[in-house]
Amino acid sequence: MLLSPTLPRLSPALPSLPSFSHHRLYNHKPFPFLPCFHSFPKPLLRVRAIDAAQPYDYESRIASRFHNSQKLKIAIIGFGNFGQFLAKTIVRQGHTVLAHSRSDHSDAARKLGVSFFFDPDDLAEEHPEVILLCTSIISTESVLRSLPLLRLKRNTLIVDVLSVKEFPKSLMLELLPGDFDIICSHPMFGPESGANGWNELSFVYEKVRIGSEESRVSRCEKFLSIFEREGCRMVEMSCADHDRYAAESQFITHTVGRVLDMLMLESTPINTKGYETLLDLVKNTAADSFDLYYGLFMYNKNALEMMERLDLAFEALKQQLFGRLHDVVRKQLFGSAEKLRTWPEIPPQDGASLALTTYSEATRFQDVSPTNDLKPSRPEENSKLKIAIIGFGNFGQFLAKTMVKQGHTVLAYSRSDYSNVAKELGVSYFSDADDLCEEHPDVVLLCTSILSTEKVLRSLPFQRLKRNTLFVDVLSVKEFPRNLFLQILPPEFDILCTHPMFGPESGKNGWNDLSFVYDKVRVGNEESRACRCTCFLDIFLSEGCRMVEMSCYDHDRHAAGSQFITHTMGRVLERLSLSSTPANTKGYKTLLDLVSNTAGDSFDLYYGLFMYNANAMEQLERLDLAFEALKKQLFGRLHGVLRKQLFENTQGNIDAQEDPIMKPNQNGTALLNLPGSRDHH
């Protein structure tokens, strides 16, 4: 501190009161109020403090203390994929994380900013506030029994994140000291589904046992806030309710995913949205170990009931399919033996009018990504078509809306009266097929069901149409209508077999990037006929469809593995009466959407996919074998565990580290336990 003389101020302004530092310096009473400084005969001394203390920032210090008080010291036991997945977020939020695992994950821990301990005693002596169990279901008991609980603080909070909840709840209440706090939790997501953040993903928990002291209640809330701060949907429910819901959502989801994985499904050039969701489901579930799936089955008492219901639903669907097939065969054997009339095969004549192009077996689609060689035609007047839609139900009306919007003239005919609907859409409706055909449409578009296609086609008065009319179908199978057209239609008619891989539900928001498959089965070489075919295809191309030119044979081969399997799984799950739960996973939402999309279709459509696709029976058999193989794998492991108990532990005294199958609890009832895994966490 320096003292320097200062000349008196000559300003007439009033002086300031002596400062606190003046008062302390002279150690006497404050100066009396003086009118001005120039009344002093001598210069004043001004105190200049070079090393004076800075102002104390109470707000920052309090905020810092509050911030630090919200941080926890969390020990993760089991530092595998899921433990590391949780650790990333916990560390990012500023908590101190310790880790222990039987496998050496020290490198991964160091990269995440986590202290790794090879010895659980060393970790326990760090006195973590929370022990987070991220072990596998099967190894949970052996790991919990191996922890040095006496080295921990007496009121430590123990939390599990297993996919089943009643089992760990009973286990922790039995094995943990009575003064330990317990939370049973289940993040309904993992490294795959939570890769882009946890917002809106469910976190289920039950506060099984929390001390009444404010510090313990606060610690519990701090831990739960880790997930709440990330945007999780916090769902508090009992362990019993969780397992009841999870048997329907999580176990069924994993079962379907594993069955489909056994089919080795692959992406096709004609994927539907439903099939792509199944491929995603397989990807998400196949990454999990079989031990995880086995744990969902073995440690959830509701899982066996769901497996039985799924088995019965699949058997009922097969019975319905084969029952209808049996009726058809019986009718053929004992019904009218009269053969259906067919048009005689007339060889093409020389001349441009009957020069036709067809696909040969040598030019069938190969398994390569389809290229789109079509270019949208100019919206000229001569590009507009007169299109007659035969079968004006939901799908016919769905297509008509876009065709009318594009300026095409649309006529319609159906056995049911849709005249009012047609009028609203700007479509001319005909109740008589002869009247419609006399309008000479450029294109006749069949939108009938698969089962009624042949009957409708044979009923049309072809003689009233122009001799080179273009016939188009939009059925979900292709070889059947192709053969039917070639058999029934006069040879001078053009034929285009198509399949829009979407419908009123999947295409309600537009057709952009949705697949449209087509096969130019027979199109005349004249420019007018080729142009007419191009103009029809342009209806879908101009809406943004992905145009896939493919033979009918290859379409049915791909569709059996995608469309038929998709509809089969949707109908099996529909019979389970699945409903949304408070603990939905992303995979389960996929299944609910699948059921919603397939349940709206008639059984006739599904039966047609089965009956009129030569590849469907093989796919159904493969699906059946895959489901049986999965059941055998589940029950085979269970049988192995029981056999081990019966023949290797006849005394009934089984070491806890061996994870016995049955162990009496405090009430004398049996707890189900499984052989422990040596390295699952």
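Before reading further, recall that the structure is shown in the block above.
Residues numbered from 1 in each chain as written. Predicted model: local features only at pLDDT ≥ 70, side-chain atom pairs only at ≥ 80, totals over all residues. Heavy atoms only, no water.

### Structural notes on the sheet that holds strand S7 (residues 157-160)
Line of reasoning, step 1. Spatially, the eight strands line up as an open sheet ordered S5-S4-S3-S6-S7-S8-S9-S10, and their pairing is mixed. Looking at strand neighbours, the two that pair on one side only are strand S5 (115-117) and strand S10 (233-236), the edges of this open sheet. Direction aside, neighbouring strands of the sheet carry axes that sit 25° apart on average.
Line of reasoning, step 2. One ladder, built from four bridges, connects strand S3 (residues 73-77) with strand S6 (residues 130-133); its direction is parallel. Bridge pairing in S6 places isoleucine 77 opposite leucine 133.
Line of reasoning, step 3. Most of the contacts of helix H3 (residues 81-92) go to S3, to which it runs at about 170°, and overall it touches S3, strand S4 (96-100), S6 and strand S8 (181-187).
Line of reasoning, step 4. Each of S6, S7, S8 and strand S9 (202-209) touches helix H7 (residues 166-175); the most contacted strand, S8, lies at about 160° to it. (Pairing = 2+ DSSP bridges. Helix = DSSP H or I, 4+ residues; strand = E, 2+ residues; numbered from the N terminus. Axes fitted to C-alpha atoms, helices over the stretch in contact; angles between N-to-C directions. Contact = heavy atoms within 4.5 Å.)

### Some words on the pairing of S9
Line of reasoning, step 1. Here S8 runs beside S9; their pairing, made up of six bridges, is antiparallel. Across the sheet, cysteine 184 pairs through a bridge with glutamate 206, a residue of S9.
Line of reasoning, step 2. Two strands pair when backbone bridges link them, and S9 and S10 are joined in this way by four bridges, in the parallel orientation. For valine 204, the partnering residue across the bridge sits in S10 and is valine 235.

### Quick look at the nonpolar core
Line of reasoning, step 1. Counting 110 residues, the largest nonpolar core has Leu260, Tyr294, Leu457, Phe462, Phe471 and Leu573 as the members making the most contacts within it.
Line of reasoning, step 2. Residues Leu385, Ala400, Ala422 and Val472 belong to the second largest nonpolar core, which totals 36 residues. (Core = buried A, V, L, I, M, F, W, Y, C linked by side-chain atoms within 4.5 Å. Buried < 20%, exposed > 50% of the residue type's maximum accessible area, 1.4 Å probe, protein only.)

### Remarks on the side chain of histidine 567
Line of reasoning, step 1. Its place among the elements puts histidine 567 in helix H19 (residues 552-574).
Line of reasoning, step 2. Setting aside its immediate chain neighbours within four residues, histidine 567 contacts Thr598, Asp601, Leu605, Tyr606 and Leu609.

### Overview of the environment of glutamine 320
Line of reasoning, step 1. Within the fold, glutamine 320 resides in helix H12 (residues 303-334).
Line of reasoning, step 2. In this view, glutamine 320 contacts Arg575 and Phe603; residues no more than four positions away in its chain are not counted.
Line of reasoning, step 3. Polar side-chain contacts of glutamine 320 include one of 2.3 Å to the side chain of arginine 575. (Polar contact = N/O pair within 3.5 Å; in protein donor to acceptor, adjacent residues only side chain to side chain.)

### Observations regarding the packing of helix H9 (residues 239-262) against helix H11 (residues 290-298)
Line of reasoning, step 1. Where H9 contacts H11, the two axes come as close as 10 Å, and the packing angle between them is 135°. What the angle tells us is that H9 and H11 run oblique. The way H9 lies across H11 gives a crossing that is left-handed. Contacts from Gln250, Phe251, His254, Thr255 and Arg258 of H9 reach H11 at Phe290, Leu292, Tyr293, Leu296 and Phe297.
Line of reasoning, step 2. Grouping the amino acids of the contact of H9 with H11 by side-chain chemistry returns six nonpolar, three polar and one charged. (Parallel < 35°, antiparallel > 145°, perpendicular 65-115°, else oblique. Left-handed = near helix turned anticlockwise from the far one by under 90°. Nonpolar A, V, L, I, M, F, W, Y, C, P; charged D, E, K, R; others polar.)

### A word on unusual backbone geometry
Line of reasoning, step 1. For methionine 264, which is not glycine, the phi torsion reads 55° and is therefore positive.
Line of reasoning, step 2. Tracing the backbone shows methionine 264 in the loop between H9 and helix H10 (273-286).
Line of reasoning, step 3. The backbone of serine 577 sits at a positive phi, close to 55°, despite the residue not being glycine.
Line of reasoning, step 4. Turning to its location among the elements, serine 577 is positioned in the loop between H19 and helix H20 (586-599).

### Some words on the packing of H9 against H10
Two quantities define a packed helix pair, namely the angle between the axes and the distance from one axis to the other.
Line of reasoning, step 1. Two elements in contact, H9 and H10, have axes separated by 8 Å at closest approach and are oriented at 100°. On the basis of the axis angle, H9 is roughly perpendicular to H10. Of H10, the residues touching H9 (which contributes Thr253, His254, Val256, Gly257, Arg258, Leu260 and Asp261) are Leu278, Leu281, Val282, Thr285 and Ala286.
Line of reasoning, step 2. Classifying every residue of the contact of H9 with H10 by side-chain character gives six nonpolar, four polar and two charged.

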